[in-house]
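Given next are the chains, with one letter for each unit.
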Amino acid sequence: MLEVRDLTCGYAGSFFIQHVDFKVNAKEIVGIIGPNGSGKTTLLRAISRELRPENGLIMLDGKDIRQMSFKELARKMAVLAQSINPVPLTVEEFVLLGRIPYRKNLQFLENKNDLEAAEEALRLTDTVTLKNHLMTQISGGERQLVFIARALAQQPKLLLLDEPTTHLDITHQVRILDLIKRLNKKLGLTVIMVLHDLNLATEYCQRLILMNHGRIFREGVTGEVINYKTVEEVYKTVVVVEKNPISGKPYVLLVSEDEIKTDLPDR
Amino acid sequence: MNKKILKWTICIAILLALLLAVSLFSFLVGVVDIPLSKIGEIIANGKSDSRFAILFDIRMPRIMLGFAIGGALSIAGVILQGMFRNSLVEPYTLGISGGAALGVCLNIVLKMQNIFGLFSLPIFGFMGGICVILLVYALSVKQNVLRIQGLLLCGVMISFICSSLIMLIMAVSRSEDLHGIIFWIMGSLEESNWLLIKLMFMMSILGLIAAYIFCFDLNAFSLGEEEALHLGVNVERSKRILFVLTSLLTGFSVSVAGIIGFVGLIIPHFMRLIVGNDHRILIVSSFLSGAIFLIFCDTIARTIIAPIEFPVGVITGILGGTIFIYAFMKKTCLK
């Protein structure tokens, strides 16, 4: 589905990410994790074509993304950025913006396909009741759902998300990620998301890419990436990794400085 | 969805009716008030009636010019505000007016009309505006990316430099030149050249059509440049085309009518409050209401202390600025 080959890319001459190589298969959920400044967002921005790579290739469905038109790319890939300014549009108008890549020249009004796609996107994200509310008047959690709805209105095959759960309470964190998992199963949507929370990453992603200092440090299924040695090495923090009793996935516990000195728990 | 189209149609119908009313008012009122009932008689009399010339050679061209320039400045404002995502930007912020005014000053002081004839004033104004635009543009393009914030700052600074240079020219020029410069800077719709009026009219309509083609790009821009890119908009290309379009519209308007401030600022701002942020309706309604506003202001300018005529720029400035402050205060109070 997506193939990144020897990607080197950065801002104004300094190389932020170097020699990044990975593949994402269709219908996979892949998480990109790593400390602050490790290049997660830069990688995502390169894939979404906001940054021009210094070197390397990014192929989507066997086609170089730089050879595609912006419209063609937007029909295949939807991006949910970290912070989107709320604008005074109604939820429905906002979701319909996701249909821009499908507009023909001189088509100024929505056609049946546009309206149906928007309706479906609202239904999938359970935001139909918000339809006529203004984007500026709904809560942060609801707004995030509407952002996903707009991405779905693009009818993409690949969805890129940059920290979709930051600033949300646990109810909405789980709601958003459950929704993404459901979309992945139901629509066969391929998902790549940057996550800060390691426990959410292990719980919801099938595969993880751990970045450090602009390079891929480790890549693989969650168990291979999340163990105390790797996490301590990359994050420079003492952690305990246990198994979630229900899902069986690894989860990461943090330990405060005082506790480490007095009683180092048995790992 | 049909409700939306109905709302838009009603909105455009109301604006068209207002435009007609204001044009008619402007057509009939002036130093010589002509009642509506006499119009048929005057047209029948044709050129032999002195009032025919007043109506069709003096008032009609002014209304057309008001329509064209009011509309052009308003859509230039809509486009810039959409691109900058800042509702306080207007065409003149980019320094176009400063450059054009400087060009015109040079033209008057150097007595260029002896060489270029009738068109020398607009040509110099236009050239001045375009020079500034190219300079501002060159200064804000870095690594092939047009930086919008830089553009704004450069524009404001170049405006200042230009107005200082104009003052320098005014300080050393003779008093008969001074009057010409000042009157031009204040802006007026008095233009006796039919060809220029027709050219401006066509330019304005073409500008409206061109802007409308980009209505979805502008809608996407309201979310930010990156979001627009995610929605499949070729951001760099659109920005460039829209930038050139606003420069042309403003440069043309300034060179024909001088500096008429505030139209490009307040009209799009108010239309946003009334019709919302969808550029599909915003562009058309701003064009129409800009035309209405400028024709109205021009009528006031030439009737309020008739037979002496005010520069229309003064009226738009006072009226526009006052309404703007009032609306702004009211809006902040509501919050």
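Counting of residues starts from 1 at the beginning of each chain's written sequence and follows it residue by residue. To read the labels, note that chains go from A and ligands from 1, taken in the order they are written. Under the rules for a predicted model, residues below a pLDDT of 70 receive no local features and side-chain atom pairs below 80 are neither given nor counted, while totals for whole chains, interfaces and linings still include all residues.

**Quick word on the overall build of chain B**
So, point 1. In DSSP terms, a helix is any run of H or I states spanning at least four residues, a strand is any run of E spanning at least two, and both are numbered starting from the N terminus. In terms of helices and strands, chain B carries 15 helices and two strands.
So, point 2. Just to be clear, the radius of gyration here is over C-alpha atoms, and the globule rule we use is 2.2 Å times residues to the power 0.38. Relative to its length of 335 residues, chain B is compact, with a C-alpha radius of gyration of 20 Å against a globular reference of 20 Å.
So, point 3. Across its three principal directions, the C-alpha atoms of chain B cover 65 × 55 × 40 Å.
So, point 4. For chain B, the proportion of its 335 residues judged to be buried stands at 46%.
So, point 5. Here the contact rule is simple: place C-beta atoms from the backbone, and any two residues whose C-beta atoms are within 7 Å are in contact. Here the analysis covers contacts within chain B between residues at least 6 apart in sequence; of these, 77% occur between residues at least 24 apart. Counting other C-beta atoms within 10 Å of a residue's own tells you its class, since 20 or more makes it buried, 12 or fewer makes it exposed, and anything in between is partly exposed; those C-beta atoms are placed from the backbone.

**Some points on the interface of chain B and chain A**
How large an interface is tends to be reported as the accessible area lost when its parts come together.
So, point 1. Facing 19 residues of chain B, the contacting portion of chain A comprises 22 residues.
So, point 2. Of all elements in the fold, only α10 (215–221) and α11 (225–230) of chain B reach the threshold of two or more residues within the side of chain B that touches chain A.
So, point 3. Of the residues assigned to the side of chain B that touches chain A, the class counts are eight nonpolar, seven polar and four charged. When residue character is reported, Ala, Val, Leu, Ile, Met, Phe, Trp, Tyr, Cys and Pro are called nonpolar, Asp, Glu, Lys and Arg charged, and the others, Gly included, polar.

**Considerations on the environment of Gln82(A)**
All names here are of chain A.
So, point 1. Within the element layout of this structure, Gln-82 appears in the loop between β6 (77–80) and α3 (91–96).
So, point 2. Judged by C-beta crowding, with 14 C-beta atoms within 10 Å, Gln-82 ranks as partly exposed.
So, point 3. Sequence-wise, Gln-82 and Thr-165 are 83 residues apart; in three dimensions their C-alpha atoms are separated by 9.3 Å.

**Here's the deal with the nonpolar core**
So, point 1. The nonpolar core criterion groups buried Ala, Val, Leu, Ile, Met, Phe, Trp, Tyr and Cys residues into a set whenever they are joined through C-beta atoms within 7 Å. Val95(A), Leu160(A) and Ile69(B) are the most contacted members of the largest nonpolar core, which has 162 residues in total.
So, point 2. Beyond its immediate chain neighbours, meaning those up to four positions away, Val95(A) contacts Ala118(A), Ala121(A), Leu122(A), Val146(A), Ala149(A), Arg150(A) and Ala153(A).

**Quick look at the sheet that holds strand β8 (residues 190–194) of chain A**
All names here are of chain A.
So, point 1. When DSSP finds at least two bridges between two strands, those strands are taken to pair. Strand order across the open sheet formed by six strands is β6-β7-β8-β3-β9-β10, with mixed pairing between neighbours. In this open sheet, the two strands that pair with only one neighbour each are β6 and β10 (215–221). Direction aside, neighbouring strands of the sheet carry axes that sit 15° apart on average.
So, point 2. Packed on one face of the sheet, helix α1 (residues 40–47) meets β3 (29–33), β7 (158–162), β8 and β9 (207–212) and runs near 145° to β7. Fitted lines through C-alpha atoms serve as axes, helices being fitted only where they are in contact, and the angles separating the N-to-C directions of these axes extend from 0 to 180 degrees.

**Some points on unusual backbone geometry**
Excluding glycine, most residues fall at negative phi; most peptide bonds, likewise, are trans.
Residues and elements named next belong to chain A.
So, point 1. Of note, the phi angle at Arg-49 is positive, near 70°, even though the residue is not glycine.
So, point 2. Tracing the sequence through the fold places Arg-49 in the loop between α1 and β4 (55–60).
So, point 3. C-beta crowding within 10 Å serves as the criterion here: with 19 such atoms nearby, Arg-49 is assigned to the partly exposed category.
So, point 4. Despite not being glycine, Lys-236 shows a phi value in the positive range, around 55°.
So, point 5. Mapped onto the elements, Lys-236 comes out in the loop between α9 (228–235) and β11 (239–243).
So, point 6. Note on Lys-236: 8 C-beta atoms within 10 Å, which makes it exposed.

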